[in-house]
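Coordinate inspection notes
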Amino acid sequence: MRNLRFRSAATTATTALVAALALTACGQSDAVGAGSKPDAKSTATAASSTEKPDAQETDKPRATDQSADKTNASKATSNSNSGKGSSNNKSKSKTPSTCTPANTKITVTKVSRPINHLLVTATNAGSGTCYAYYAPLLGFDDAQSVTQINESSQPQAVVTLSPGQSAYASIALGGGEGSPTTAAYNLSVSFSGRDNQGTVGPVANLTLPKGTKTNNDTSVSYWQATMSDALTW
């Protein structure tokens with residue numbers, strides 16, 4: 001009887017020990033499950049997949065964009081230079097020059113009124129504007145000096161000729177001495193420059209109208225803008 005109690009007590013103690021060990025094992029397993037951390041490699045991989053693109057790569061312009069910008073800049077510079085060149089050429093072509101026989105057509109004709117007068121006409125035959133300064137410088141035949149100029153005929157402004165326009169100067173053959181008496185056959189016509197110091201350009205050599213005569217008082221007027229103004233003198 002006594003032995004039976006002892007065995008029963010031993011069995012009970014053994015059962016209690018097994019149960020205690022089982023509970024301890026479960027507690028440790030739960031603790032391990034609750035405190036486990038995710039794999040470091042997996043975490044790093046996930047983090048790297050969500051990182052933003054490298055700022056340096058994003059900000060760097062593409063090669064094609066840079067090439068396009070350079071091409072556009074080159075075109076803009078070329079157009080600017082071309083515009084300047086066109087502007088400079090245009091300005092030069094409009095700069096007025098001095099009228100000379102090189103850019104004008106010169107004629108001399110006889111007029112009925114006033115008597116004993118000839119009319120010299122200079123027509124701009126060039127492509128630009130020219131100035132007819134002062135009076136034409138005339139020489140009859142083999143004269144050693146130019147024909148005197150009627151200073152009273154000086155206009156208020158220099159005569160400016162656009163292409164196709166004409167300037168006029170009258171020749172008073174008799175002057176103040178009455179009828180001219182010396183026969184003349186040829187006439188040379190030169191132009192004065194802006195400074196009125198000698199002649200500029202070539203000389204125009206003309207044949208005078210038949211029966212032309214001169215004397216010592218023969219004179220020529222300044223260049224005038226109209227024929228009527230010229231024949232006043």
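Read on for a plain summary of the structure. Computed from a predicted model, the values in this text were never measured in an experiment.

1. Section: the overall build of the chain
From N to C terminus, the chain includes five helices and 13 strands. Relative to its full complement of 233 residues, the chain shows a buried share of 26%. The contacts of the chain with a sequence gap of at least 6 include a subset with a gap of at least 24, amounting to 78%. Here the chain displays about 15,800 Å² of accessible surface, and carbon together with sulfur accounts for 53% of that area.

2. Concerning the sheet that holds strand 11 (residues 199-207)
Spatially, 5-10-11 is the arrangement adopted by the three strands of the open sheet, whose pairing is antiparallel. If you trace the sheet from one side to the other, it starts and ends with strand 5 (137-140) and strand 11, each paired once. Strand-to-strand, the axes of this sheet are offset by a mean angle of 20°, without reference to chain direction. The pairing of strand 5 with strand 10 (residues 186-192) spans four bridges and is antiparallel. In the sheet register, Leu138 faces strand 10, and the bridge partner there is Val189.

3. Quick word on the packing of aromatic side chains
Here a ring pair, both rings aromatic, is described through the centre-centre distance and the interplanar angle of the planes. This structure, assessed with the given rule, holds three aromatic pairs. Between Tyr131 and Tyr133 the ring centres are 5.6 Å apart and the planes differ by 55°, which places this aromatic pair in the tilted class. Under the relative-accessibility criterion, Tyr131 is labelled partly exposed at 26%. We classify Tyr133 as buried; its relative accessible area is 10%. Relative to Tyr134, the ring of Tyr133 has its centre 6.4 Å away and its plane inclined at 35°; by these criteria the two rings are tilted. Accessibility expressed as a relative area gives 28% for Tyr134, which makes it partly exposed. An aromatic cluster is present here, built from Tyr131, Tyr133 and Tyr134 joined pairwise through their rings.

4. Let's talk about the sheet that holds strand 13 (residues 219-220)
A sheet is described by the order of its strands in space; here five strands give the open sequence 2-3-8-13-6, paired in mixed fashion. Where the open sheet ends on each side, the last strands, each with one partner, are strand 2 (104-110) and strand 6 (148-149). With two bridges connecting them, strand 6 and strand 13 associate as parallel partners. When the sheet's bridge partners are listed, Gln148 is paired in strand 13 with Ser219.

5. Describing the pairing of strand 2
Judged from the seven bridges that link them, strand 2 and strand 3 (residues 117-124) form a sheet pairing that is antiparallel. Within the sheet, the bridge partner assigned to Val108 lies in strand 3 and is Val120. Between strand 2 and the antiparallel strand that follows it, strand 3, lie six residues; Asn116 among them carries a positive phi value of about 55°.

6. Here we look at the environment of Leu231
Position of Leu231 relative to the elements: it lies in the segment after helix 5 (227-230). Along the primary structure Leu231 and Leu118 are separated by 113 residues, whereas in three dimensions their C-alpha atoms are 8.7 Å apart. Aside from chain neighbours lying at most four places away, what touches Leu231 is Val111, Arg113, Pro114, Leu119 and Ser170.

Rules used in this analysis
Residues numbered from 1 in each chain as written. Predicted model: local features only at pLDDT ≥ 70, side-chain atom pairs only at ≥ 80, totals over all residues. Heavy atoms only, no water. Helix = DSSP H or I, 4+ residues; strand = E, 2+ residues; numbered from the N terminus. Buried < 20%, exposed > 50% of the residue type's maximum accessible area, 1.4 Å probe, protein only. Contact = heavy atoms within 4.5 Å. Areas by Shrake-Rupley, 256 points an atom, 1.4 Å probe, with all protein chains shown as cover. Pairing = 2+ DSSP bridges. Axes fitted to C-alpha atoms, helices over the stretch in contact; angles between N-to-C directions. Phe/Tyr/Trp six-rings, centres within 6.5 Å; stacked < 30°, edge-to-face > 60°.

By themselves these figures say nothing about function.
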